[in-house]
Amino acid sequence: MSRRLHRISNHAAALLTSIFILIEIIAPAMAQVPANYFGMHANSGVALQPPQWWSNPWPLVPIGSMRLWDAGVGWAEINTADGAYNWTLLDKWLGDAEKFHVGTVMYTFGITPQWASSNPNDPTSGLGLGECNPPKDLNADGTGPDQIWKNWVAAIAVHSAGRIKYWEIWNEPHNAYYWNGTVAQLVRMAKDARSVILSIDPQAVMLTPPIHGTWQTLYFASGGAQYADVITYHGYVYKAICGVYPKASDELKMISSVRSLMATYGQSSKPLWDTEVSWGVTAATCFYDPDLQSAFLAQLLMLHQSAGIRRVFWYMYNNQLSGTLWSQNFDPHHRNYPGTLHKPSVAYEQVYKWMVGGNDERPVRSVRDHVGLQLQPPGGYVAEAIWDTSQTCHKGICGTINYGVGSEYTNYLSLDGSKITIAGAQVPIGAKPIWVENQ
């Protein structure tokens, strides 16, 4: 890994220690930034069949990968009774993914049907009774036939073979409203799912439950990671305090923690994915400023890639509470104007255009609180993302400082898609990353 510090001023020298810590965290290099790095969630309004006036159009942002969660296709929503399956909505999702050229689809298991639940009257999930419990033929210590689960896994794997490649074992089991069973039960289910799915589709890829912290440690210690080809976690860094805004750079601490655990249990060779992340529940932090949202999104996507995360799944395109990129127009008299694409969605598309196909040579520049990511694709093109975390935005105005760039750079791109000629080798940098380039 190359290290470069540019023009360290007296003010910046005081931050030298923290600068080096940042650079040490940003580690493994990747040869390219493929389109499937950019993953997305959308709720079932996108794939309703038949369409209604309040249906959502297919997302207007580029989608390289899609995670099917909160998409109306959970276990209980498909496997409505023993041996009974309704594949309609799942098939619509998979058909749309092919139609709109989504590179890969991941399915996340979860939501036990009440008929299959070991505690069918458990209200913990807050949605459907018994939906957070393990199946009734699986004991707390992981013993038992586990045939109900194996039947479901086989059914969806056969139905979706060749259309779903990635399989994630249960959503956020550290939250009791998603999983009110034991670690041993989930490890057994992961083992059985791997055996069943790979017997049907040898090209399938198995993923761990998306967890971090204590639950992830317990799962790894119980042998669960051996049944996965990819390690996953959810990278939310926000705190539910109004006015305490999330910081994209905090993601690096979480990634470091997960990688440390992977090393402890001999899992370091496996790819690491963040399968659900955004600025979180907007109302919880009062994080409403669209410029700050755009800055957070852009920084987050680039910091993940700098830290060697192979895929990042934004949550959620059309969720109106968390990470909202698009809002629906509920007025039936305006069918030709079905919704509003928010400023962060424009930023998302710009970052996609900046990064996809790049050859990452990984010099990370740090000046003051400024951090950046440099890409050098083939053909002599050189570009660098730069931002300054000491700056902020308020009511449409974003603070910047002038920053000197190399003479090879001729123009820069902004998160709104503008292209500006560089004069005097100086560019304005702020919380919202810019993309300086030599062509």
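This structure is a prediction, so every number in the text was calculated from the model and none was measured.

K.L.:
Help me get a handle on unusual backbone geometry, residues and values and all.
P.N.:
That bond from Tyr 315 to Met 316 is cis: its omega, 5°, falls within 30 degrees of zero. The phi dihedral of Glu 172 is positive, around 40°, even though this residue is not glycine. Positionally, Glu 172 belongs in the loop between β5 (166–168) and α6 (183–200). A positive phi angle, near 50°, is found at Lys 395, a position not held by glycine. Structurally, Lys 395 is set in the loop between β15 (393–394) and β16 (397–398). In this structure Lys 395 comes out as exposed when scored by relative accessible area, which is 73%.

K.L.:
Any chance you could break down the state of the cysteines for me, citing the residues and the numbers?
P.N.:
Taken as a whole, this structure holds two disulfides when the rule is applied. A sulfur-sulfur distance of 1.8 Å marks the disulfide that ties Cys 242 to Cys 286. Looking down the S-S bond of the Cys 242 and Cys 286 bridge, the torsion is -110°, so its handedness is left-handed. Residue Cys 242 is located in the loop between β7 (231–234) and α8 (250–264), and its partner Cys 286 is located in the loop between α9 (282–285) and α10 (290–306); the two are separated by 44 residues in the primary sequence. Looking at Cys 242, the relative accessible area reads 52%, which means it is exposed. Residue Cys 393 pairs covalently with Cys 398 via a disulfide, S to S 2.1 Å. In this structure, the disulfide formed by Cys 393 and Cys 398 twists by about 110° around the S-S bond and is classed as right-handed.

Rules used throughout
Residue positions within a chain follow its written sequence, with the count starting from 1. Two thresholds apply to this predicted model, a pLDDT of at least 70 for residue-level local features and 80 or more for giving and counting side-chain atom pairs, whereas whole-chain, interface and lining totals are computed over all residues. In computing side-chain properties, one takes all heavy atoms of the structure into account and sets aside hydrogens as well as water. Segments assigned H or I by DSSP are reported as helices when at least four residues long, segments assigned E as strands when at least two residues long, and all are numbered from the N terminus. Partly exposed residues are those whose accessible area sits between 20% and 50% of the maximum for their type, while under 20% is buried and over 50% is exposed, using a 1.4 Å probe and protein chains only. Count a disulfide wherever a pair of cysteine sulfur atoms falls within 2.5 Å.

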